[in-house]
Amino acid sequence: MTWVIEQPLYLIILGFVAVAGFGYGWLQTGYRSLLYLTLGSAACICGLLLLEQFVETDVEKVEGTLHQIARDLENEDIEAVLAAIHPDARQTVARAAREFPEFDFQVVDIKSNLKVEIKDDLEPPEAFATFNVKVIGSGGGYGSFSARVFVEVTLKKVGDQWLASHYEY
């Protein structure tokens, strides 16, 4: 049922079909019940779209965390990047602290193939994200570069926040 909250396009298509179908039926027949169905469908779809805007699922939170890390890398805010890593992941913190300051990122753009899988049965819950990222920058012994990189990130939930615990590219 999370598709209702995560994918408004489905709601819009469903709403358009329902309202158009009931509205057309009402215009052709004049039956008041079809008018009420048209208005009720429109109100229901509007309510679900409002719900979609105000409810943030764990998948959306993970996506937001990853996009924030990308913005922090672009802004060269290494402290914020390190703060987005789980405190128990000492090796990951050390790796990030060693790798990221070597680079000057101008663009860190997460592409649309971002996939997030939540594992609620673990304690703490974990998320596994895979995606492509376009990176433009310089440094790290490469000079100026433009690359497309496939990234895998594991995140752990701490309270209401998702923190990275491991990454590979």
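Residues numbered from 1 in each chain as written. Predicted model: local features only at pLDDT ≥ 70, side-chain atom pairs only at ≥ 80, totals over all residues. Heavy atoms only, no water.

> I'd like a rundown of the overall build of the protein, residues and numbers included.
Along the protein, the regular secondary structure elements total six helices and five strands. In terms of C-alpha radius of gyration, the protein reaches 22 Å, well past the compact-globule figure of 15 Å for 169 residues. Principal-axis analysis of the C-alpha atoms gives the protein an extent of 75 × 40 × 20 Å. Taking all 169 residues of the protein together, 36% fall into the buried category. If you take every contact in the protein between residues at least 6 apart in sequence, the share linking residues at least 24 apart comes to 53%. Surface summary for the protein: the accessible area is close to 10400 Å², and the carbon and sulfur share equals 59%. (Helix = DSSP H or I, 4+ residues; strand = E, 2+ residues; numbered from the N terminus. Rg over C-alpha atoms; globule rule 2.2 N^0.38 Å. Buried < 20%, exposed > 50% of the residue type's maximum accessible area, 1.4 Å probe, protein only. Contact = heavy atoms within 4.5 Å. Areas by Shrake-Rupley, 256 points an atom, 1.4 Å probe, with all protein chains shown as cover.)

> Pulling in residues and values, what's your account of helix α4 (residues 58-74)?
Here α4 spans 24 Å end to end across 17 residues, near enough to the 24 Å set by a 1.5 Å rise per residue. Listed as buried for α4 are Asp58, Val59, Glu60, Lys61, Val62, Thr65, Leu66, Ile69, Ala70, Asp72 and Leu73. (Expected span 1.5 Å × (residues − 1).)

> How would you explain unusual backbone geometry if you had to name every residue and give the values?
Among all residues save glycine, negative phi is the norm, and among peptide bonds the norm is trans. Here the amide bond leading from Glu123 into Pro124 is cis, since omega sits at -5°, within 30 degrees of zero. Along the chain, Pro124 falls in the loop between β2 (115-119) and β3 (126-139). Positive phi, close to 55°, is recorded for Glu76, a residue that is not glycine.

> Summarise the pairing of β3; cite the residues concerned and give the values.
Judged from the seven bridges that link them, strand β1 (residues 103-110) and β3 form a sheet pairing that is antiparallel. For Asp109, the partnering residue across the bridge sits in β3 and is Lys134. As paired elements, β2 and β3 share five bridges and run antiparallel to each other. Along β3, the bridge assignment pairs Glu117 with Phe128. Between the antiparallel neighbours β2 and β3 lie six residues. Sheet topology places β3 next to strand β4 (residues 144-158); 13 bridges connect them, and they run antiparallel. For Ile136, the partnering residue across the bridge sits in β4 and is Ser146. (Pairing = 2+ DSSP bridges.)

> Break down the nonpolar core for me, citing the residues and quoting the values.
In this structure, Leu66, Phe100, Phe105, Phe131, Val153 and Leu155 are the most contacted members of the largest nonpolar core, which totals 32 residues. Looking at this core, the elements with two or more residues in it are α4, α5 (78-83), β1, β3, β4 and β5 (161-168). Element by element, the count of residues in this core is highest for α4, at six residues. Contacts of Val153, omitting those with residues within four sequence positions, involve Leu66, Ala127, Phe128, Ala129, Phe131, Ala164, His166 and Tyr167. (Core = buried A, V, L, I, M, F, W, Y, C linked by side-chain atoms within 4.5 Å.)

> Please provide a residue-by-residue account of the state of the cysteines, values included.
Enumeration over the complete set of coordinates arrives at zero disulfides. Not engaged in a disulfide, the cysteine Cys44 finds its nearest cysteine sulfur in Cys46; these two sulfurs lie 9.3 Å apart. Accessibility expressed as a relative area gives 46% for Cys44, which makes it partly exposed. (Disulfide = S-S within 2.5 Å.)

> Could you give me a rundown of a nonpolar patch on the surface, with the residues and numbers involved?
Among the surface-exposed residues, Leu9, Ile12, Ile13, Phe16 and Val17 lie close enough to one another that they form a single nonpolar patch of about 530 Å² accessible area. Within the element layout of this structure, Leu9 appears in helix α2 (residues 8-29). We classify Leu9 as exposed; its relative accessible area is 53%. (Patch = residues over 30% accessible without salt bridge, like charges linked within 9 Å, V, L, I, M, F, W, Y side chains within 5 Å. Salt bridge = Lys/Arg side-chain N within 4 Å of Asp/Glu carboxyl O.)

> So what's going on with the environment of Val55? Residues and values would help.
Tracing the chain through its elements places Val55 in the loop between α3 (32-54) and α4. Along the backbone, Val55 and Glu6 are 49 residues apart, and their C-alpha atoms lie at a distance of 8.9 Å.

> Quick rundown of the packing of aromatic side chains? Include the residues and the values.
Applying the stated criterion across every chain, the model contains five aromatic pairs. Plain terms: the ring middles of Phe100 and Tyr167 are 5.8 Å apart, the flat faces sit at 25° to each other, and that makes the pair stacked. Here Phe100, found in the loop between α6 (90-99) and β1, pairs with Tyr167, found in strand β5; they are 67 residues apart in sequence, far enough to count as distant. Like Phe100, the residue Tyr167 is buried in the burial classification. Aromatic pair Tyr167 and Tyr169: ring centres 6.2 Å apart, planes at 10°, arrangement stacked. Take Tyr169: its relative accessible area is 52%, and that puts it in the exposed class. Through a chain of ring-to-ring contacts, the aromatic side chains of Phe100, Phe103, Phe105, Phe145, Tyr167 and Tyr169 assemble into a single cluster. (Phe/Tyr/Trp six-rings, centres within 6.5 Å; stacked < 30°, edge-to-face > 60°.)

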